[in-house]
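Observations on the three-dimensional arrangement
Take a look at the letters that make up each chain.
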Amino acid sequence: MSIDRDDTEPGATPPPGLLDSLQHYARQHQPPRWSGPFSRFVNDILPAAPQALARNSHQYIWDMLRWSSEEDLQGRLRCRLFAEDLFGIDTAIERICDYFKAAASGSQVGRRLLLLLGPPSGGKSTLVILLKRGLEQYSQTEAGALYAIAGCPVHESPLHLVPQAMRAGLRASLGIEVVGELCPHCRAQLEQRQGGDFLRMPVERIVLSEAARRGIGTYAPHDPSTADLADLVGSVDLAKVAEFGDEGDPRAWSWSGAVYAASRGMLEMIEILKVKREFLYLLLTLTQEQNVKVARFPLIYLDETILAHTNLAEFRKFLQESENEALLDRMVIVQLPYTLDYREEARIYRKLIVSAAPAFSTVHLDPHVLDAAAVFAILSRLHEGDGDDGELVGKVRRHAGEDGEGLRQADGSPPQGAGDAPDEGLTGVSPRFVINALSYAIIQSQRRSLSTMDFLLALKKSIENDARIDARRKRKWIDLLILTRKEFYNRWVRQDVHQALFVSFEQEANALLGKYLDEVEAMLDNRQIRDPITNEERRPDERFLRTVEEKIHISDAGKQSFRQEVVRKAMSAYKRGERFGLASHLPLREAVQHYLFEQRRDVLRLVGSPSRPDADTGERMSAVAQRMMDDYGYDSHSARDALNYVSTLLAQE
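We now turn to the structure provided with this report. Every value quoted in this text rests on a predicted model; they were computed, and no experiment measured them. (Residues numbered from 1 in each chain as written. Predicted model: local features only at pLDDT ≥ 70, side-chain atom pairs only at ≥ 80, totals over all residues. Heavy atoms only, no water.)

With respect to a negative patch on the surface
On the surface, a cluster of negative charge is contributed by D388, D389, E391, D479 and E487. At the level of secondary structure, the elements contributing two or more residues to the negative patch comprise α18 (389-399) and α21 (471-504). For E391, the position within the fold is in helix α18. Residue E391 is classed as exposed on the basis of its relative accessible area of 51%. (Patch = residues over 30% accessible without salt bridge, like charges linked within 9 Å, V, L, I, M, F, W, Y side chains within 5 Å. Areas by Shrake-Rupley, 256 points an atom, 1.4 Å probe, with all protein chains shown as cover. Salt bridge = Lys/Arg side-chain N within 4 Å of Asp/Glu carboxyl O. Lys, Arg positive; Asp, Glu negative; His and termini not counted. Charge placed at Lys NZ, Arg CZ, Asp CG, Glu CD. Helix = DSSP H or I, 4+ residues; strand = E, 2+ residues; numbered from the N terminus. Buried < 20%, exposed > 50% of the residue type's maximum accessible area, 1.4 Å probe, protein only.)

Observations concerning the packing of aromatic side chains
Scanning all chains against the criterion turns up 19 aromatic pairs. Summarising the aromatic geometry, the rings of Y60 and Y138 are spaced 5.1 Å apart at their centres and angled 55° between planes, so their arrangement reads as tilted. One end of the pair, Y60, is in helix α4 (residues 57-67); the other, Y138, is in helix α7 (residues 124-138), and 78 residues separate them in sequence. The buried category is assigned to Y60, whose relative accessible area is 2%. Clustering of aromatic rings is evident, with ring pairs tying together W34, F38, F41, Y147 and F198. Cation over ring: R397 sits above F488, and NZ or CZ is 5.0 Å from the ring centre. (Phe/Tyr/Trp six-rings, centres within 6.5 Å; stacked < 30°, edge-to-face > 60°. Lys NZ or Arg CZ within 6 Å of the ring centre and 35° of its normal.)

Here we look at the side chain of S209
Along the chain, the position of S209 falls in the loop between β6 (202-206) and β7 (216-219). Look at S209 and you get buried, because its relative accessible area is 17%. In terms of polar contacts, S209 uses its side chain to reach the backbone amide nitrogen of A211, at 3.4 Å. One polar contact links the side chain of S209 to the main-chain amide nitrogen of A212, over a distance of 3.1 Å. Contact partners of S209, with chain neighbours within four places excluded, come to E136, R214 and I216. (Polar contact = N/O pair within 3.5 Å; in protein donor to acceptor, adjacent residues only side chain to side chain. Contact = heavy atoms within 4.5 Å.)

Notes on the sheet that holds β6
Taken in spatial order, the three strands make up an open sheet running β1-β6-β5, and their pairing is antiparallel. Unpaired on one side and paired on the other, β1 (35-37) and β5 (146-149) mark the two borders of the sheet. Between one strand and the next, the sheet's axes are offset by a mean angle of 30°, whatever the strand orientation. Here β1 runs beside β6; their pairing, made up of three bridges, is antiparallel. Each bridged residue has a counterpart across the sheet, and for P37 the counterpart in β6 is P202. With respect to the sheet, helix α2 (residues 38-45) is in contact with β1, β5 and β6, its orientation differing from that of β1 by roughly 110°. (Pairing = 2+ DSSP bridges. Axes fitted to C-alpha atoms, helices over the stretch in contact; angles between N-to-C directions.)

Here it is in structure tokens:
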């Protein structure tokens, strides 16, 4: 595996058509615009989509998720929003979608704060970022059109202008429920500038934007001693007090708080359990009552979804304090553990590599580097029970949806029994740790190539040199590295060499197949075979037949039916005018592969031998290495490294 980048040198001519592409993109992504008085909004805009224009934040986010999703064969939503960035946490994503679905239906779930809980580098922040980007994109579409009172600091719905006495009529005529009151700022504007005529209040279409603090807000905790509620709800702006002469004038208030920025959309609370308790109470009151109270103003109605995340250590400390019980009762907690599927874990590494430093782009990784790293990470996340290594290996394969032979199940889903312990996936090696070790291995490498063994050795060094890891855990993780090599890498690399060897010796494999067919036909016909060298007749070679068949675990009791099946397929191919070859019967092909591999052990042993192989053997092994490079993703260094490694394994047997 290698990542190619096409970096443009400073001062180089831009690629042809680049300006045209940028201009086309700019035209396609022009923010939609509309503005006019409330009367025009009611006449032109509202009748076309009253239900959509009356959506609350939870309904809006749920519609955005459905807009960015498609149904799978089981009728479940598969959200494209997360498909390219989050891997192996489908269950957690489904639970989050279920939260928004329930909240959008009007249930009490919509009055709960959504808390994402998981280990570091588990995807919490990425998931929230993707939701925010999804909201920004959705708000630019016609389906996601949002309108607000122009100039409102909380970009509130124009429907709040409808007087309470007329809202029942709106419900009867358009079937929509208007909830919420004008904010102090808009109420003052209505009275001072429009003389109380709400039909003249200006309305505009808005596009959600985190950068513009419009419908998407973010709060990150800082030093508790200096943290102030003003970060969330704003404060009096003394410079404006001098201008307007009254601290109670809404125009003299700084509406820069995070909860105002998030109104009509979503507020992200980073590491929420590190904030002061008064912050938590304000946020939970906001989710429950949909309003906040600040000095000099009545209750301010705010419609927003609060999505928070934190790590396990902070959450466990929070649980130990009994006074937090009421707070916990107002939260919906979704765990985001690490994935336990090594294939999905490897996809995470590939994504991180693509977005990493240029050093990765010029280094070739052999085809098993990332899978081996992922297996090690998964082993570290499994429950530390009394099971032996075999049970751990079995768990890794089950979580990856593999059966006993290492093949993925037909439906591609993990089998029953995956996730045996509730705490699995909440601890262990994080993707960041693995990518750091990979970066170290690349920096230390003298070649622009990294084999799996190179990386496993670098990972071992990273574990030994990490001061954050205690001695017991270091020993455990190094043992897991050894287990990864023995139970996974050894099998993968032998299979690659096995297949490359088989293709390189294809003529001999075809001859072996012909011999097997001749022996089987003679055995089933109960006739003699004439030896081509001595011209003497002999009985079919049962020993040879059984040696081939045992490579794929054909029992003595099942040999007869297996042989009859092979002959039937060979006869059918003959009648159709086709040649019965190695691809005609896959189990037999596998048996011939294994047999040939066993016969060529001595050739492989010569690779690592101090004595030089003869010219013919050297030529054939070069063909094997070339096949590994052409078909299996190796380069010259990693192919030779794999051949040397397999020859060492054979020498130890």
